[in-house]
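Single-letter residue listing:
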Amino acid sequence: MKASKITAVDFFDDLTSSYARKRFFGGFSLLIVFCLVLVGVVKAYVTWPIINEIMVSVLIEIVAGLVIILGFYALYVYFIGANTAVREVNVTRPQDISERMIAMPKEVRHYMFWGRSGSFFRAYPLLELDRQARENKRNIVVDVLLPDPDDERLVRSYREILKALGEEPGDNPLLPNVLSTCMACAIVSSNNKHLDIKIHLSRFLPAFRVDLSDNGAILTQDDKKKSALYFDYGSEFYDMFRSTVTNERDVSREVTWDTALFAGLKLEEKSCDAKTLKAFGINVGDVDAIQQEVARLITVRPHRYG
């Protein structure tokens, strides 16, 4: 594969991003409105005929130029768009990540997630996959890979990451997030026969999140100001990350639960009790201390892309 395919940033491809379109059309539209307002002001308050005519002419020319630029840009976006035929790796700007993430679980039969907390996965992909499976009667397989909260090495590393992000983590910040993701997956899958969710606990703490589906793969970081990498479905890099996630899953501890215990439960606070919290083979410790935190995470579902 040519290096230019991977490293080159195409100026025109960048202009087709959602963020660029909003800024481009919004900015130029405001300039047009501003110039038209100035035309009205000049006609109303500039009494010298020559000055009035010159200023109005200049402003009209500026408006015409702006309209032409907007017109050509609209034609480019509509008829040409990004050069996707040769692009296998796409650098996604921070403002466009949420749009990519929202598209990942759409109309798929297999979804894989590998991350540290699963906050966004609980908030949107899991619920969207559940909705599609119910409405379309489509069998969907979901693989979730999370760090093992019983591993002290991973807990220490995760604490350092959160501190670097300006947060103040507790003694084991992995535990409530992993339990919340397990709880949400158990409740959703136990009440949807078309959704098959498997969770594994890894002894490795990834440096980024991997969301992989039939729509491609995206690698994101915790810092919202940093860009992401998107890989086309079926590309060499897509297959590489799918194999990486699959291999790590196969050597990790599988989480099992009693489906009957979660049948009829919903993603709400009262679903979190001693029995459900201890149903995943994870060392919960003081149940009362963590119960409220887990209940908040599965009901409110805060995440970084809100």
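This is a predicted model, so every value here is computed, not measured.

Enquirer: For this particular structure, what's the right way to read the overall build of the protein?
Expert: Across its full length, the protein carries 13 helices and eight strands. Its C-alpha atoms give the protein a radius of gyration of 25 Å, clearly above 19 Å, the size a compact globule of 306 residues would have. When its C-alpha atoms are laid out on the principal axes, the protein stretches across 85 × 45 × 40 Å. For the protein, with 306 residues in total, the buried portion stands at 44%. Partitioning the intrachain contacts of the protein with sequence separation of at least 6 by distance along the chain shows that 74% fall at a separation of at least 24. About 16400 Å² of surface is accessible on the protein, with carbon and sulfur atoms providing 57% of the total.

Enquirer: Explanation requested: the side chain of Ser117 in the structure shown.
Expert: Checked against the element boundaries, Ser117 lands in the loop between strand 2 (110-114) and helix 6 (119-123). Once residues lying within four places of it in the same chain are set aside, the contact partners of Ser117 are Arg122, Leu146, Tyr158, Asn177 and Thr181.

Enquirer: I would appreciate a short explanation of the environment of Tyr111 in the present structure.
Expert: Within the secondary structure layout, Tyr111 lies in strand 2. Overall, the relative accessible area of 1% leaves Tyr111 in the buried class. In this structure, the C-alpha to C-alpha distance between Tyr111 and Phe204, residues 93 residues apart in sequence, is 20 Å. In this view, Tyr111 contacts Met104, Pro105, Phe121, Pro125, Leu129, Val141, Val142, Asp143, Asp211, Leu212 and Ser213; residues no more than four positions away in its chain are not counted. Side-chain polar atoms of Tyr111 contact the side chain of Asp211, separated by 2.6 Å.

Enquirer: Could you clarify how one ought to interpret the pairing of strand 5 (residues 209-213) in this entry?
Expert: On any regular strand, side chains alternate: one points to one face of the sheet, the next to the other face. Extensive coverage of strand 5 is indicated by the burial of five of its five residues. Going residue by residue along strand 5, you find Arg209, Asp211 and Ser213 tucked away on one face and Val210 and Leu212 tucked away on the opposite face as well. As defined by bridge partners, strand 2 adjoins strand 5 across four bridges and the pair is classed as antiparallel. Pairing of Tyr111 across the sheet is with Ser213, part of strand 5. Where strand 5 and strand 6 (residues 216-220) come together, five bridges link them in antiparallel fashion.

What counts and what doesn't
- Along each chain, residue indices are assigned from 1 in the same order as the chain's sequence is written.
- Only residues with pLDDT of at least 70 get local features here, since the model is predicted, and only at 80 or more are side-chain atom pairs given and counted; chain-wide, interface and lining totals rely on the full set of residues.
- Note that the side-chain values use all heavy atoms of the structure and ignore hydrogens as well as water.
- The helix count covers DSSP runs of H or I at least four residues long, the strand count covers runs of E at least two residues long, and both are numbered beginning at the N terminus.
- Every radius of gyration here is taken over C-alpha atoms, with the globule rule written as 2.2 Å times N^0.38, N being the number of residues.
- The classification of residues rests on relative accessible area computed with a 1.4 Å probe and restricted to protein chains. Under 20% of the type maximum is buried, over 50% is exposed, and intermediate values are partly exposed.
- Residues count as neighbours in contact if any of their non-hydrogen atoms are within 4.5 Å of one another.
- Shrake-Rupley sampling with a 1.4 Å probe provides the accessible areas, and residues are treated as covered by the protein chains on show and by no other component.
- Polar contact is the term for a pair of N or O atoms within 3.5 Å; when the atoms are in protein, one must be able to donate a hydrogen and the other to accept it, and sequence-neighboring residues count only if both atoms are side-chain atoms.
- Should DSSP find at least two bridges between two strands, the strands are regarded as paired.

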